[in-house]
Number of protein chains: 2
Amino acid sequence: MNSGPSDDIEALITTMARLPGLGPRSARRIVLHLIRKRAGQMAQLASLLAGVAESARECLTCGNVTQSDICPICQDPARANGEICVVTDVADLWALERGRAFKGRYHVLGGSLSALDEIGPEDLRIPQLIARIADEHVTEVILALAATVEGQTTAHYIAEALEPSGVTVTGLAQGVPIGGELDYLDDGTITAALRARRKI
Amino acid sequence: MNSGPSDDIEALITTMARLPGLGPRSARRIVLHLIRKRAGQMAQLASLLAGVAESARECLTCGNVTQSDICPICQDPARANGEICVVTDVADLWALERGRAFKGRYHVLGGSLSALDEIGPEDLRIPQLIARIADEHVTEVILALAATVEGQTTAHYIAEALEPSGVTVTGLAQGVPIGGELDYLDDGTITAALRARRKI
Ligand SMILES: [Zn+2]
Ligand SMILES: [Zn+2]
């Protein structure tokens, strides 16, 4: 008879093991850690997860994670400065917010163009970005995308798609290492790259 | 104005980031992943965590994680074969169960002796182990402890403490690499080490 974790613990480990960056072993370690501290941390984590699962959604305008239909950044009139910073992912938006250098609004693509993975412009909220240019009197679109092949392919696609609108399109310049994912950079590097942005 | 994650998402990230093997960046990635799949995975994870937080406890006899006062292994009469396998942690017990080679019962120490961390025998359920030798007609105690300094110090302490009882004390022999933690080994190695166990 094999008598490892009980069914509910096994289900918890299996679910955890599917999370990005985790696997069966790290999931087992986390679950055992939580069981040992169960008076507090596990119930707290469960209720935090349940709360966020209930309330979190995508901002209808920019794709940011939020608890209302429109996120606080899109609601804030002080951030309607004519600049939209385009990011791949909400994690990149958070990284830029930590840098505190950008005062405008965001547009979260939700991924990069990829012929291999069959991800086209419609999968990436690019049509919504084009619509915002006119609606929000945008003067500059900053493409804060990764310095990877996919990121730069996406940047060039967007720059071409925005050309008829006459909006200035810039990209993060110095500071983003080749092959570097934005979310891996320290906040100072990301801020410097933003300040030194160049016209594409 | 800095507008990163909302307060409840930030609290979730902070709590996740404290889990073993995680940090702020991996916690952010996991939380965003869960938010994207929120229809399913996040609520499911929350309810699994709440269920385990409610039901999981330590077996009063062996220290295994269980949902009743006494774990299924300690309740199973077929496993009262006179052998007790002493492990550092429940993760090691699970690793041995995956190997399916051990047919007896376990005793989970909950750590290793450490002068530096002021962890003594009373902190490790060693008195409870000594009590079990008489109560359960134990004939062999297998010390399945890590081949680290702390693991071997603990093994020698237990072997000496059990000497008056006359019980045979064995240890995992071949297959456990020097400095190796049990839970990192593949299941075949751990099974081979168990089969080739030697008297200490
Ligand atoms: Zn928004
Ligand atoms: Zn037990």
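As recorded in an unreviewed UniProt entry, chain A goes by the name Recombination protein RecR, listed as coming from Paracoccus aurantius. The annotation that UniProt attaches to chain A under Sequence similarities (unreviewed entry) is "Belongs to the RecR family." Per UniProt, chain A has the following entry under Function (unreviewed entry): "May play a role in DNA repair. It seems to be involved in an RecBC-independent recombinational process of DNA repair. It may act with RecF and RecO."

Across the contact, 59 residues belong to chain A and 59 residues belong to chain B. Carbon and sulfur atoms make up 65% of the area that chain A and chain B hide from each other, which totals about 5600 Å². The largest share of the area that chain A buries against chain B comes from Pro20(A), Leu49(A) and Trp94(A), three residues that together contribute 12% of it. For the pair chain A and chain B, the interface holds 0 salt bridges. At the junction of chain A with chain B, the criterion picks out 4 residue pairs in polar contact (both at pLDDT 80 or more). Sorting the residues of the side of chain A that touches chain B by element identifies α1 (7-17), α2 (24-36), α3 (41-55), α4 (72-75) and α5 (90-99) of chain A as the ones contributing at least two each. Element by element, the count of residues in the side of chain A that touches chain B is highest for α3(A), at 14 residues. Across the side of chain A that touches chain B, the residue classes break down as 32 nonpolar, 11 polar and 16 charged.

Turning our eyes to something else, we now look at the UniProt feature "zinc finger region: C4-type" (unreviewed entry) in chain A. The UniProt record marks residues 59-74 of chain A with the feature "zinc finger region: C4-type" (unreviewed entry), using the residue numbering of this structure. The span residues 59-74 of chain A shows a helical share of 19% and a strand share of 12%, and its end C-alpha atoms are spaced 8 Å apart.

Attention now goes to the coordination of the zinc ion (ligand 1). The protein atoms that coordinate the zinc ion (ligand 1) are Cys59(A) (SG), Cys62(A) (SG), Cys71(A) (SG) and Cys74(A) (SG), at distances of 2.3 Å. With 4 donor atoms in place around the zinc ion (ligand 1) and angles of 106 to 115 degrees between them, the coordination shape is tetrahedral.

Bringing the domain arrangement of chain A into the picture now. For chain A, the assigned domains read domain 1 (7-55) and domain 2 (78-171). With centres defined by C-alpha atoms, the gap from domain 1 of chain A to domain 2 of chain A works out at 34 Å.

Before going further, it helps to spend a moment on the pattern of salt bridges. A complete count under the given rule lists 9 salt bridges over all chains for this structure. Measuring nitrogen to oxygen at the nearest pair gives 2.6 Å for the salt bridge that ties Arg132(B) to Glu136(B). Each of the salt bridges in this network shares a partner with another, and the network as a whole consists of Arg105(A), Arg132(A) and Glu136(A).

All names here are of chain B. The coordination sphere of the zinc ion (ligand 2), as far as protein atoms go, consists of Cys59 (SG), Cys62 (SG), Cys71 (SG) and Cys74 (SG), spread over 2.2 to 2.4 Å. Coordination at the zinc ion (ligand 2) comes from 4 donor atoms whose angles at the metal span 105 to 114 degrees, giving a geometry best classed as tetrahedral. When the donors of the zinc ion (ligand 2) are listed by position in the chain, the intervening gaps give C-x2-C-x8-C-x2-C. Within this pair, whereas cysteine 59 is found in the loop between β1 (57-58) and β2 (65-66), its partner cysteine 71 is found in the loop between β2 and α4 (72-75), the two being separated by 12 residues in sequence. Residue classification places cysteine 59 among the buried positions, given a relative accessible area of 1%. Here cysteine 71 falls in the buried class, since its relative accessible area comes to 0%.

What follows deals with unusual backbone geometry. Residues and elements named next belong to chain A. Although it is not a glycine, glutamate 118 adopts a positive phi angle of roughly 55 degrees. Residue position: glutamate 118 is located in the loop between β4 (105-108) and α6 (126-135). Even without glycine at this site, arginine 125 takes up a positive phi of about 60 degrees. Within the fold, arginine 125 resides in the loop between β4 and α6. Look at arginine 125 and you get buried, because its relative accessible area is 13%.

Definitions and cut-offs
Residues numbered from 1 in each chain as written. Chains lettered and ligands numbered in written order. Predicted model: local features only at pLDDT ≥ 70, side-chain atom pairs only at ≥ 80, totals over all residues. Heavy atoms only, no water. UniProt positions renumbered as here; feature names shortened; annotations may be inferred. Contact = heavy atoms within 4.5 Å. Buried area = accessible area lost by both parts, 1.4 Å probe. Salt bridge = Lys/Arg side-chain N within 4 Å of Asp/Glu carboxyl O. Polar contact = N/O pair within 3.5 Å; in protein donor to acceptor, adjacent residues only side chain to side chain. Helix = DSSP H or I, 4+ residues; strand = E, 2+ residues; numbered from the N terminus. Nonpolar A, V, L, I, M, F, W, Y, C, P; charged D, E, K, R; others polar. Donors = N, O, S within 2.8 Å, 3.2 Å for Na, K, Ca; no water. Tetrahedral: all angles 85-135°; square planar, octahedral: opposite > 155°, others 65-115°. Domains from an automatic or database assignment. Buried < 20%, exposed > 50% of the residue type's maximum accessible area, 1.4 Å probe, protein only.

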